[in-house]
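# Observations on the three-dimensional arrangement
Single-letter residue listing:
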Amino acid sequence: MITLYHCDGARSFRPLWMLEEMGLPYELKMLPFPPRVFAKEYLALNPLGTIPFMIDGETKMTESSGICHYLGTRHGPTPLVVGVDEPAYGAFLNWMYFSDATLTFPQTLVLRYTQLEPEERRNPQVATDYAKWFLGRLRAVEAATAGAETLVAGRFTAADIVIGYALRLADTIGLAKDFGPNVSAYWQRLQARDGYQRAVAAETRAGVEQNVTPRVRA
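So, a few notes on the structure that sits alongside this text.

Cut-off values and rules
- Residues numbered from 1 in each chain as written.
- Predicted model: local features only at pLDDT ≥ 70, side-chain atom pairs only at ≥ 80, totals over all residues.
- Heavy atoms only, no water.
- Phe/Tyr/Trp six-rings, centres within 6.5 Å; stacked < 30°, edge-to-face > 60°.
- Helix = DSSP H or I, 4+ residues; strand = E, 2+ residues; numbered from the N terminus.
- Lys NZ or Arg CZ within 6 Å of the ring centre and 35° of its normal.
- Core = buried A, V, L, I, M, F, W, Y, C linked by side-chain atoms within 4.5 Å.
- Buried < 20%, exposed > 50% of the residue type's maximum accessible area, 1.4 Å probe, protein only.
- Contact = heavy atoms within 4.5 Å.
- Salt bridge = Lys/Arg side-chain N within 4 Å of Asp/Glu carboxyl O.
- Pairing = 2+ DSSP bridges.
- Right-handed = clockwise from strand over helix to strand, strands pointing away.
- Axes fitted to C-alpha atoms, helices over the stretch in contact; angles between N-to-C directions.
- Parallel < 35°, antiparallel > 145°, perpendicular 65-115°, else oblique.
- Left-handed = near helix turned anticlockwise from the far one by under 90°.
- Nonpolar A, V, L, I, M, F, W, Y, C, P; charged D, E, K, R; others polar.

## Things to note about the packing of aromatic side chains
What the rule picks out here adds up to twelve aromatic pairs. Relative to Trp-133, the ring of Tyr-130 has its centre 5.0 Å away and its plane inclined at 25°; by these criteria the two rings are stacked. With Tyr-130 and Trp-133 both in helix 5 (residues 124-137) and three residues apart, the pair spans about one turn of that helix. Taken together, the ring pairs in this structure connect Phe-13, Trp-17, Phe-156, Trp-187 and Tyr-196 into an aromatic cluster. In this structure, Arg-168 packs its charged tip against the face of Phe-13, placed 4.0 Å from the ring centre. Directly above the ring of Phe-156 sits Arg-193, whose terminal nitrogen or CZ lies 3.6 Å from the centroid.

Structure (structure tokens):
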């Protein structure tokens, strides 16, 4: 059984969504955010104290986009993964890495310096600068979705899941108002997917059942 450690709205939503799209059985363990502060016992499992943390037999992973790739290849085959023999393989991998390294990174600084830091350490200038960084990098998604329903290979893939989470986080921290028209329409399509809605429902249900109150999304 796959076990996924997750905080409400955190980037661990990527593998949660992937699990739901693939229909794989899993156990969802909810933690308060940030777990390194509010669930110190978690450090015995994941010394980084970060989310996600996935256990699949002897395999343990902490990187959300990497987990999605792992799930698709280890527990596939699935059309959610673009194969090495497909022309779009390189583009698929580029989106997988782009999702966290380029899109989510600046958002975490916006979140940190507008919500997570104590009042005296918050920094509107940093938040504004990194919001602009994120929106500038989002131009790649705007261009890719100009004439296509999905990002790559002419179908919904894990690339849409990992980029879709960045859009979810942007929505949460108030940046969705600045989406271009293509990204806005793309984000609406992603939210309409059954797999996305099942993942949101699973997140909510597990939080209630495990008595973990949503605190902040990151």
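## Focus: the nonpolar core
Grouped together as the largest cluster of nonpolar side chains are 60 residues, with contacts concentrated most on Met-18, Leu-71, Val-141, Ile-163 and Phe-179. The greatest single-element share of this core, amounting to ten residues, is contributed by helix 7 (residues 158-172). With residues near it in sequence (within four places) discarded, Val-141 still touches Trp-95, Phe-98, Leu-103, Leu-151, Ile-163, Val-183 and Tyr-186. In this structure, Cys-7, Ala-39, Tyr-42 and Ile-55 belong to the second largest nonpolar core, which totals ten residues.

## Examining the pattern of salt bridges
Under the counting rule described, the total for this entry stands at twelve salt bridges. Glu-203 serves as the salt-bridge partner of Arg-168, at 2.9 Å between the closest nitrogen and oxygen. Residue Arg-168 is found in helix 7, and its partner Glu-203 is found in helix 9 (residues 194-209); the two are separated by 35 residues along the sequence.

## Description of the pairing of strand 1 (residues 2-6)
Of all five residues that make up strand 1, five are buried, and the element is covered over most of its length. The alternating pattern of strand 1 places Ile-2, Leu-4 and His-6 and Thr-3 and Tyr-5 on opposite faces, both of which are buried. Relative to strand 2 (residues 26-30), strand 1 is paired through five bridges, and the arrangement is parallel. Paired with Ile-2 across the strands is Tyr-26, a residue of strand 2. In this fold, strand 1 hands off to helix 1 (residues 13-22), which returns the chain to strand 2; that crossover is right-handed.

## So, unusual backbone geometry
The omega torsion of the bond from Phe-33 to Pro-34 falls at -10°, within 30 degrees of zero and hence cis. Backbone torsion omega between Gly-76 and Pro-77 reads 10°, so that peptide bond is classified as cis. Mapped onto the secondary structure, Pro-77 falls in the loop between helix 3 (64-74) and helix 4 (89-116). The phi torsion at Ala-153 lies on the positive side, around 65°, for a residue other than glycine. Summarising the element assignment, Ala-153 is placed in the loop between helix 6 (139-144) and helix 7. Judged by relative accessible area, Ala-153 falls into the partly exposed class, the value being 33%. Residue Asn-211 is not a glycine yet carries a positive backbone phi of 55°. Positionally, Asn-211 belongs in the segment after helix 9. Exposure remark for Asn-211: the relative accessible area of 67% places this residue in the exposed category.

## Notes on the packing of helix 1 against helix 3
Packing of helix 1 against helix 3 leaves a shortest axis separation of 8 Å and a crossing angle of 20°. Accordingly, the angle class assigned to the pair helix 1 and helix 3 is roughly parallel. For helix 1 against helix 3, the interelement crossing comes out right-handed. Between helix 1 and helix 3, the residues in contact are Arg-14, Pro-15, Met-18, Leu-19 and Met-22 and Ser-64, Ser-65, Ile-67, Cys-68, Leu-71 and Gly-72, respectively. For the contact of helix 1 with helix 3, the class distribution of residues is seven nonpolar, three polar and one charged.

Taken by themselves, the reported measurements are silent on function.
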